[in-house]
Amino acid sequence: MSNPEAGRLSEILARPATRRDFLSRASALSLAIPAVGAALTSCAPNGTERADSGTAAAGGAAGAPPPASQGSLLHHNSDSRLDSAVLKGGHATATSATPEATARAAETRYHRFDPVLPPLPPGNRLQLHFRAREAPIRVSDDLVVAGWTFDGDIPGPIVHCRVGDTVEFTLTNESDIPHSMDFHSAQIDPKVAFRSVIKGQSVSYTFKPKWAGIFMYHCGTAPVLMHIGSGMYGAIVVSPREPLAPAKEFVLVQGEYYLGDTVNGARAFDFQKMLSTVPDFVAFNGRPNQYIREPLRVRVGDRVRFWVASAGPQHPCSFHVVGEQFDTVYLGAPPGSPIRGVQTFAVPAGGGMCFELLCDIPGEFPFVNHAFGHGQKGAIGILSVEG
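Residues numbered from 1 in each chain as written. Predicted model: local features only at pLDDT ≥ 70, side-chain atom pairs only at ≥ 80, totals over all residues. Heavy atoms only, no water.

Enquirer: What should I look at first to understand the environment of Arg 287 in this one?
Expert: Along the chain, the position of Arg 287 falls in the loop between β13 (281-284) and α8 (290-293). Of the residues examined, Arg 287 reaches a relative accessible area of 0% and is grouped as buried. With residues near it in sequence (within four places) discarded, Arg 287 still touches Tyr 110, His 111, Phe 113, Ile 137, Arg 138, Val 139, Asp 153, Ile 154 and Tyr 257. A distance of 3.1 Å separates a polar atom in the side chain of Arg 287 from the backbone oxygen of Asn 285. (Helix = DSSP H or I, 4+ residues; strand = E, 2+ residues; numbered from the N terminus. Buried < 20%, exposed > 50% of the residue type's maximum accessible area, 1.4 Å probe, protein only. Contact = heavy atoms within 4.5 Å. Polar contact = N/O pair within 3.5 Å; in protein donor to acceptor, adjacent residues only side chain to side chain.)

Enquirer: Can you walk me through the pattern of salt bridges in this structure?
Expert: Any two side chains of opposite charge can pair, given that their charged atoms come close. One pass over the full model with this rule turns up 16 salt bridges. Arg 133 is paired through a salt bridge with Glu 174; the nearest N and O atoms lie 3.3 Å apart. Within this pair, whereas Arg 133 is found in strand β2 (residues 125-140), its partner Glu 174 is found in the loop between β5 (166-173) and β6 (182-183), the two being separated by 41 residues in sequence. Residue Arg 133 is classed as partly exposed on the basis of its relative accessible area, which comes to 28%. A salt bridge links Arg 297 to Glu 386; the shortest N-O distance between them is 3.2 Å. (Salt bridge = Lys/Arg side-chain N within 4 Å of Asp/Glu carboxyl O.)

Enquirer: Looking at this structure, I do not really get the nonpolar core. What am I missing?
Expert: If you look at soluble globular proteins, the nonpolar side chains tend to sit buried side by side. Among the nonpolar cores identified, the biggest contains 91 residues, and Phe 183, Phe 306, Phe 319, Phe 367 and Leu 383 are the most heavily contacted of them. With seven residues, the single largest contributor to this core is β2. Setting aside chain neighbours within four positions, we find Phe 183 in contact with Leu 128, Phe 169, Phe 194, Tyr 205, Phe 207, Met 216, Tyr 217 and Ile 236. (Core = buried A, V, L, I, M, F, W, Y, C linked by side-chain atoms within 4.5 Å.)

Enquirer: Even after reading the chapter, I still don't get the packing of aromatic side chains, so can you show me in this structure?
Expert: Each pair of aromatic rings is reported with the distance of its centres and the angle of its planes. Taken as a whole and assessed by the stated rule, the structure comprises 22 aromatic pairs. Ring geometry for Phe 183 and Phe 207: centres 5.3 Å apart, planes at 40°, overall tilted. With a gap of 24 residues between them, Phe 183 in strand β6 and Phe 207 in strand β7 (residues 202-207) connect regions that are remote in the sequence. A residue is classified by how much of its surface remains accessible, and Phe 183, at 1% relative accessible area, is buried. (Phe/Tyr/Trp six-rings, centres within 6.5 Å; stacked < 30°, edge-to-face > 60°.)

Enquirer: How should I be thinking about the confidence of the model for the protein chain in this particular structure?
Expert: Do not read the predicted coordinates in detail wherever pLDDT is low. Mean pLDDT over the protein chain: 83, with 76% of residues reaching 70 or higher. Every residue in residues 1-55 is under pLDDT 50, and counting partners more than four places away or in other chains gives 106 contacts. Across residues 58-92 the pLDDT falls below 50, and counting only partners more than four positions away or on other chains, this stretch makes 74 contacts in the model. (pLDDT = per-residue confidence, 0-100.)

Enquirer: Would you mind showing me how to read the environment of Gln 254 here?
Expert: Within the fold, Gln 254 resides in strand β10 (residues 248-257). For the pair Gln 254 and Val 308, spaced 54 residues apart in sequence, the C-alpha separation works out to 7.7 Å. Setting aside anything within four residues of it in sequence, one finds Gln 254 in contact with Val 282, Ala 283, Phe 284, Ala 309, Ser 310, Ala 311, Gly 312, His 315, Pro 316, Cys 317, Asn 369 and Ala 379.

Enquirer: Is there a simple way to explain the sheet that holds strand β15 (residues 303-312) in this structure?
Expert: In sheet architecture, strand pairing relies on hydrogen bonds along the backbone and comes in two forms, parallel and antiparallel. The six strands lie next to each other as β13-β10-β15-β20-β17-β18, forming an open sheet whose pairing is mixed. Looking at strand neighbours, the two that pair on one side only are β13 and β18 (338-339), the edges of this open sheet. As paired elements, strand β17 (residues 328-330) and β18 share two bridges and run antiparallel to each other. Residue pairing in the sheet places Tyr 330 in a bridge with Pro 338 of β18. (Pairing = 2+ DSSP bridges.)

This is the structure in structure tokens:
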């Protein structure tokens, strides 16, 4: 990075010791724990679909039997206890450094991730078609990572809808590794909707968000730690039907980087290092320190609304604005459950919260993960309030 502090971000504060017993159980844990949320049992045992509160389909109408070509899914899918979808069989790798994720890494250009909340779609229906693909992502002037992505970026696209809108979602897998999609905002049978698909196949489902807030989405294929840790996450903001007060609205998705060796100019995400839970970087919207270099800009008198999600995969975000206090933090779905006069509030991994403040004095106000080991590793930016 061009920032003089950038050298600190690349320091590895601790390296994990070998833990053979723990790692020998990691694959089983990656299946057992996500199965509690049913995110990993991604196909019904008989290969057919069943009705639920939403609708779901894979490459065709709901209820249709899978094509014969899906027979290989029985081995490679994440509901198989013989296969973790990454660490065994044809996907035997503990890093993200696939040929596609490292191809032409040196030519990859940096771009700032736009934190502004996108506008609501017209009407009450939102159609989304994401593609799971591997790609090199430049996250600073001097660092390219071997990403597993939704639509070629880390994080994936920021989605915005209202409570009760119909979200029609399709995921097409363009990767050799199986992938899936788990929307935390959906109420739907995860065995059907959140199942994995192999390269060239798609899964589709429909849901209507019941609650307002910011919700994480992520790949739910085993091991979930590897897929989230390699960049397969993002956020959907669900606005209440009755609009909140006018504000400058920003979306911050915190993520962690656990990096291994450089392959063809790209640093790979490393599964064993993820198990250590000691990240090399922590970033808002995928790029450490990006909002130090290019601050968020508002004016005196503006109300600012931060939609903050922590994608983890391990750590919370203790969100704080230096020199300010939040006049409102919503503990649940906005506009309900507000608390007032808050200095810092922790957003858990896999969670999201809405923070508001009134910018009544000019200045440059750092916003930061106040767990400062993570703030110093890149989870920090500047809110510039101009008079």
